[in-house]
Amino acid sequence: MTAALDLSRADVGLALLAAIAVQGALVGALRLGAAARSVPLAAAEPAPLAISVVPELIEAPLLKLGGRRDPTRLPDLAAVPRP
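In short, a report on the structure.

Conventions adopted
Residues numbered from 1 in each chain as written. Predicted model: local features only at pLDDT ≥ 70, side-chain atom pairs only at ≥ 80, totals over all residues. Heavy atoms only, no water. Helix = DSSP H or I, 4+ residues; strand = E, 2+ residues; numbered from the N terminus. Buried < 20%, exposed > 50% of the residue type's maximum accessible area, 1.4 Å probe, protein only. Patch = residues over 30% accessible without salt bridge, like charges linked within 9 Å, V, L, I, M, F, W, Y side chains within 5 Å. Areas by Shrake-Rupley, 256 points an atom, 1.4 Å probe, with all protein chains shown as cover. Salt bridge = Lys/Arg side-chain N within 4 Å of Asp/Glu carboxyl O.

It is worth spelling out the overall build of the chain at this point. A count of helices and strands for the chain gives one helix and zero strands. Relative to its 83 residues, the chain shows a buried fraction of 2%.

Quick look at a nonpolar patch on the surface now. A contiguous nonpolar surface patch, about 410 Å² in accessible area, is contributed by Leu49, Ile51 and Val53. Mapped onto the fold, Ile51 is located in the segment after helix H1 (9–37). Looking at Ile51, the relative accessible area reads 68%, which means it is exposed.

Structure representation (structure tokens):
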């Protein structure tokens, strides 16, 4: 446990100086990157796009009154016999 405490003041100072230098370099790199990206771009408004919504009616009854269940057909979207 005493091996961790065998650091001289010079070692601690050198480690502190290296950490400050690395952090300063990273902050400088971030500022340079932000300065390069801060060029204002032309604000392009999206052109309006006209669409049409066409409702599609499903001619299935809302409630089924009785009848046998057929596991091969979907109950809500079953084909309605046309008269």
